[in-house]
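Observations on chain architecture
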Amino acid sequence: MQPRSTSPTASRRIFSSVFGLQRLIYLRWQLLFLIAFGCMAARAAPPAPTLAQHYHSGIDVTAYWVSEKYDGVRALWTGQQLLSRQGLPIRAPAWFTAGWPDQPLDGELWAGRGQFADVQSAIGQATPDDAQWRALRYMVFDLPGAPGGFGARLPELQRTVAALGQPWVQAAAQWRVDSHAQLMAQLQQHERAGAEGLMLRRDDAPYRGGRSDDLLKLKSFEDAEARVVGHVPGRGKYAGQTGALLVALPDGKRFRLGSGLPDALRRTPPPVGTVVTYRFNGTHASGLPRFARFWRVRADAPPSVESTESAAKK
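Note that the structure is predicted; figures quoted are calculated from it, not measured.

1. A closer look at the overall build of the chain
The helix and strand inventory of the chain stands at eight helices and 14 strands. When burial is assessed residue by residue, the chain has 40% of its 314 residues classed as buried. When contacts within the chain are restricted to residue pairs at least 6 apart in sequence, those whose partners lie at least 24 apart make up 68%. Summed over all atoms, the accessible surface of the chain reaches about 17500 Å², with 56% contributed by carbon and sulfur.

2. Some thoughts on the sheet that holds strand 13 (residues 275–280)
Here we have five strands laid out as an open sheet, ordered 12-11-10-13-14, and antiparallel in their pairing. Edge positions in the open sheet fall to strand 12 (254–257) and strand 14 (293–297), since each of these has one partner strand only. Neighbour to neighbour, the strand axes of the sheet diverge by 45° on average, direction disregarded. Examined bridge by bridge, strand 11 (residues 242–248) and strand 12 share four bridges and lie antiparallel to one another. Bridge pairing in strand 12 links L246 to R256.

3. Notes on the sheet that holds strand 4 (residues 82–84)
Pairing between the strands of a sheet is mediated by backbone hydrogen bonds and can be parallel or antiparallel. One open sheet holds the five strands; their spatial order is 4-3-5-6-7, and the pairing between them is mixed. Strand pairing shows two members of the sheet lacking a second neighbour, strand 4 and strand 7 (169–171), which therefore form its edges. When the angles between neighbouring strand axes are averaged without regard to direction, this sheet yields 35°. Two strands pair when backbone bridges link them, and strand 6 (residues 137–142) and strand 7 are joined in this way by three bridges, in the parallel orientation. Note on strand 7: the bridge partner recorded for M139 is Q170. Seen against the sheet, helix 5 (residues 150–164) touches strand 5 (105–110), strand 6 and strand 7 and runs at an angle of roughly 150° to strand 6.

4. Quick notes on the side chain of Q166
Relative to the assigned elements, Q166 resides in the loop between helix 5 and strand 7. Within the local environment of Q166, its side chain forms a polar contact with the backbone oxygen of A98, the two atoms lying 2.7 Å apart. Those residues in contact with Q166 that sit more than four places away from it in its chain are F96, A98 and W100.

5. Some remarks on empty space enclosed by the protein
Taken as a whole and judged by the stated rule, the model has one cavity of 30 Å³ or more. The computed volume of the largest cavity comes to approximately 110 Å³. If you go around the largest cavity, you meet 15 residues; those closest to its centre are T50, D142, R153, R201 and L215. Mapped by element, the contributors of at least two residues to the lining of the largest cavity are strand 6, helix 5, strand 8 (197–202) and strand 9 (210–218). Class assignment for the residues of the lining of the largest cavity results in six nonpolar, one polar and eight charged.

6. Structural notes on the nonpolar core
If you look at the biggest cluster of nonpolar residues, it comprises 24 residues, and the most contacted ones within it are W100, L109, W133 and Y138. Residue assignment for this core shows that the elements contributing at least two residues are strand 3 (73–77), strand 5, helix 3 (116–123), strand 6 and helix 5. Counting residues per element, this core draws most heavily on helix 3, at four residues. Residues contacting L109, with those up to four places away along its chain left out, are G72, V73, A75, I90, F96, V119, I123, W133, R137 and Y138. In terms of nonpolar packing, the next biggest core, distinct from the first, is built from 14 residues, L249, L265, Y278 and A292 among them.

7. A short note on the packing of aromatic side chains
Aromatic ring pairs: the centre-centre distance and the angle between the two ring planes describe each pair. If you walk through the whole model with that rule in mind, you get 12 aromatic pairs. Each ring, one from W77 and one from W100, has its centre 5.1 Å from the other, and the planes form 80°; the classification is edge-to-face. Pair noted here: W77 is in strand 3 and W100 is in the loop between helix 2 (94–97) and strand 5, with a separation of 23 residues, a long-range link. Across this residue pair, the class does not change: W77 and W100 are buried.

8. Quick look at the pattern of salt bridges
Inspection of every chain in the model, using the stated rule, returns 13 salt bridges. The shortest N-O distance in the salt bridge between K69 and E196 comes to 3.3 Å. Here K69 is found in strand 2 (residues 64–69), whereas its partner E196 is found in the loop between helix 6 (180–192) and strand 8, with 127 residues between them in sequence. Both residues of the pair, K69 and E196, belong to the buried class.

9. Observations regarding unusual backbone geometry
Unlike most non-glycine residues, F291 shows phi in positive territory, near 55°. Here F291 shows up in the loop between strand 13 and strand 14. In this structure F291 comes out as exposed when scored by relative accessible area, which is 57%.

Rules behind the numbers
- Residues numbered from 1 in each chain as written.
- Predicted model: local features only at pLDDT ≥ 70, side-chain atom pairs only at ≥ 80, totals over all residues.
- Heavy atoms only, no water.
- Helix = DSSP H or I, 4+ residues; strand = E, 2+ residues; numbered from the N terminus.
- Buried < 20%, exposed > 50% of the residue type's maximum accessible area, 1.4 Å probe, protein only.
- Contact = heavy atoms within 4.5 Å.
- Areas by Shrake-Rupley, 256 points an atom, 1.4 Å probe, with all protein chains shown as cover.
- Pairing = 2+ DSSP bridges.
- Axes fitted to C-alpha atoms, helices over the stretch in contact; angles between N-to-C directions.
- Polar contact = N/O pair within 3.5 Å; in protein donor to acceptor, adjacent residues only side chain to side chain.
- 1 Å grid on protein atoms, 1.4 Å probe; cavity = no way out; pocket = protein on both sides within 12 Å on 5 of 7 lines; lining within 4 Å.
- Points joined across faces, edges and corners; volume = space filled by probe spheres on them.
- Nonpolar A, V, L, I, M, F, W, Y, C, P; charged D, E, K, R; others polar.
- Core = buried A, V, L, I, M, F, W, Y, C linked by side-chain atoms within 4.5 Å.
- Phe/Tyr/Trp six-rings, centres within 6.5 Å; stacked < 30°, edge-to-face > 60°.
- Salt bridge = Lys/Arg side-chain N within 4 Å of Asp/Glu carboxyl O.

This is the structure:
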């Protein structure tokens, strides 16, 4: 019996079938790889932090949850590491974050009221000092990856923190108020006790990065940050020292910041590129702050491009 021959048309059909099946398998594996890679990339990417606006008139306070404004350093847990608000790694001891969930947490590293310098000192060490870190608490106030509004995320936040069972990790206390008058009374009560102020989080707001009325800060005074761009020589009793810091706002406007500057910083002023925080009472028509006074150095803020380049040339 002669072997059956295969026609050219049939061969093409068989080849197309086999090639199509292989291509389908390849595309399926490629799709699975892209999905897995995308999930890993999303998991590794730090969450964009929610940023606060100032409390202002017209706010319906009954739509918000209220908490203390902690005088510490904002820290975001990505599920793998701690990052500052600017996205810089925070070097914490291994035990401090051991057992933390693989979901993001948003909170504040805090050493207690009026102890901001202690927090900056702890996170500024090249090698974490256990004694300094044991004085810190991580006050968790949101779950960036959880769905729904803040009111819906809050119970899960509390369960997540309770499940850790670590005394240095605490869920920030949250409560509701009925009126602006009640809110102002609580502000005065907290400030008299040494708190920096209050924070308001909108009950129905999803977690989203950027600045909006989803998150509001309320204090008896305003504060903002500026970058040191120069040093103004002192006169009179400050002769031979720094009379004021020349600082620049994010929009490029400059002004002198001398009021409130401690004598120690007049003798050894913060270098150009340093970020400082100042307090003020409203702004002029020009946009510059009224009655600006130095508050503190933001040691956790990244250096400017200019200061980094200058340091590299030395």
